[in-house]
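Summary of the model geometry
Now for the letters of each chain:
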Amino acid sequence: MSKRRVVVTGLGIVSPVGNTVAEAWDNLVHGRTGVGPITKFDASALPTRIAAEVKGFNAADWMPLKETRRSDTFIHYGLAATKMALEDAGLAIDDSNAERIGVVVGSGIGGLPMIEDNIREMIAKGPRRLSPFFVPGTIINMVAGLISIQYGAKGPNVSMVSACTTSTHCVGEAGRMIEYGDADVMIAGGAEACVNLSGVGGFCSCKALSERNDDPATASRPFDKDRDGFVLGEGSGILILEELEHAKRRGARIYAELAGMGMSADANHITAPNMDGPRRAMLSALRIAGLNPEDIQYVNAHGTSTPLGDANETAALKAAFGEHARRLAVNSTKSMHGHLLGAAGGVEALITVLAIHHQVSPPTMNILTPDPACDLDYVAKTARDMKIELALSNSFGFGGTNGTLAFRRFG
């Protein structure tokens, strides 16, 4: 059986740089940051007191008010981004197509705020005060479940969990479900909402977060010599993936084609990066997409702003692309929207698709002091109009799990 072609026909985003695709893209190409002091809880006792929070979001605008109280914030973000993406795709789900439309949306951590709130209540007042929605409101697969229920999508319904590679894997596997005939349309991506005491506090204990509290706008410094950790972000990125002929028949706008996904494992360490795993993920994506390294013009890097991670990704790019690595435009939009953990791959795949669609690379902000170990073209400070026919989007996660998506300009 020959694989069917998969295209992107809809996009939806909730993010620290905007809660619509147009707003987020405008802020990114103009280098505007979503990082600032934490407002969602009292962070005064923590060494990190900054984050990339979602702003101006009201869950009741996207779902019934009663339902907002029964589910965690990450689910609210996922439902909102899905509604945007379906509307953007001009796609209505009804009895005629419901069984051929599925959902693969995941989260790296899931309902941490609601878990924290319920445990605090239980300790203070006893176990009888636990909400009956404590479990169904926080478990990771409920974001995909509630999307399916709200829109009546009766095809495959799956949530994947692979730390910060989660939604890259979700998008790639959703594409494969279409390629091999399990569905004609898939709602794919991820959602995360961990800007709370236990989320930020946990990453502080790992020494993973930037402590540049006095200068939040430049705290996320991917590939900069003085980077000191990532900035925690939150939100959701959702893509509508569609079988090419199905999209053509209904006259859908096509943003780009999903050409393939590569996956690998470092098999090395739970948190420390390994260059060979990312290298193999990128080469696998190229192989599956039928591409050569020199075909690629643009890479949306994982680029978290950690001392080890950014140097490791740079080394992996050099190992995978050879001399062509120096001709790539490599950027990290995490310099503006922070690291969205399990939602990062969905948001960054969406940004990669928009880069192809608009033929523009957003900038990497905050490269103030070049690092000799990070010496590629990171599109520093200013967006760049450029030809982008083929692009990659990288995600790497705790546990040594790696994913790379390959996108192709359509038409």
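Structure: above.
Treat the numbers as computed from the prediction; the structure is a model and nothing was measured.

Calculation notes
- Residues numbered from 1 in each chain as written.
- Predicted model: local features only at pLDDT ≥ 70, side-chain atom pairs only at ≥ 80, totals over all residues.
- Heavy atoms only, no water.
- Phe/Tyr/Trp six-rings, centres within 6.5 Å; stacked < 30°, edge-to-face > 60°.
- Helix = DSSP H or I, 4+ residues; strand = E, 2+ residues; numbered from the N terminus.
- Buried < 20%, exposed > 50% of the residue type's maximum accessible area, 1.4 Å probe, protein only.
- 1 Å grid on protein atoms, 1.4 Å probe; cavity = no way out; pocket = protein on both sides within 12 Å on 5 of 7 lines; lining within 4 Å.
- Points joined across faces, edges and corners; volume = space filled by probe spheres on them.

Glancing now at the packing of aromatic side chains. This model, assessed by the stated rule, comprises four aromatic pairs. Measuring from ring centre to ring centre gives 5.0 Å for Phe57 and Tyr77, while their planes differ by 80°; the resulting arrangement is edge-to-face. Here Phe57, found in the loop between β3 (50-51) and α2 (65-68), pairs with Tyr77, found in helix α3 (residues 73-89); they are 20 residues apart in sequence, far enough to count as distant. Its relative accessible area of 22% is what places Phe57 among the partly exposed residues. Centre to centre, the rings of Phe223 and Tyr378 are 4.0 Å apart; their planes meet at 10°, and the pair counts as stacked. Highlighted residues: Phe223 in the loop between α7 (197-205) and β7 (235-243) and Tyr378 in the loop between β11 (360-361) and β12 (384-385), separated in sequence by 155 residues. The residues Phe223 and Tyr378 share a single accessibility class, namely buried. Members of the aromatic cluster, connected to one another through ring pairs, are Phe203, Phe230 and Phe398.

Before going further, it helps to spend a moment on the layout of surface pockets. Within this model, the largest pocket holds a volume of roughly 640 Å³. Around the largest pocket, the lining is made up of 38 residues, and of these Thr271, Pro273, Thr304, Thr306 and Phe398 lie nearest the centre. Of all the secondary-structure elements, those providing two or more residues to the lining of the largest pocket are α10 (307-321) and β13 (390-397). For the lining of the largest pocket, the leading source of residues is α10, giving six residues.

The analysis is restricted to geometry; functional conclusions fall outside its scope.
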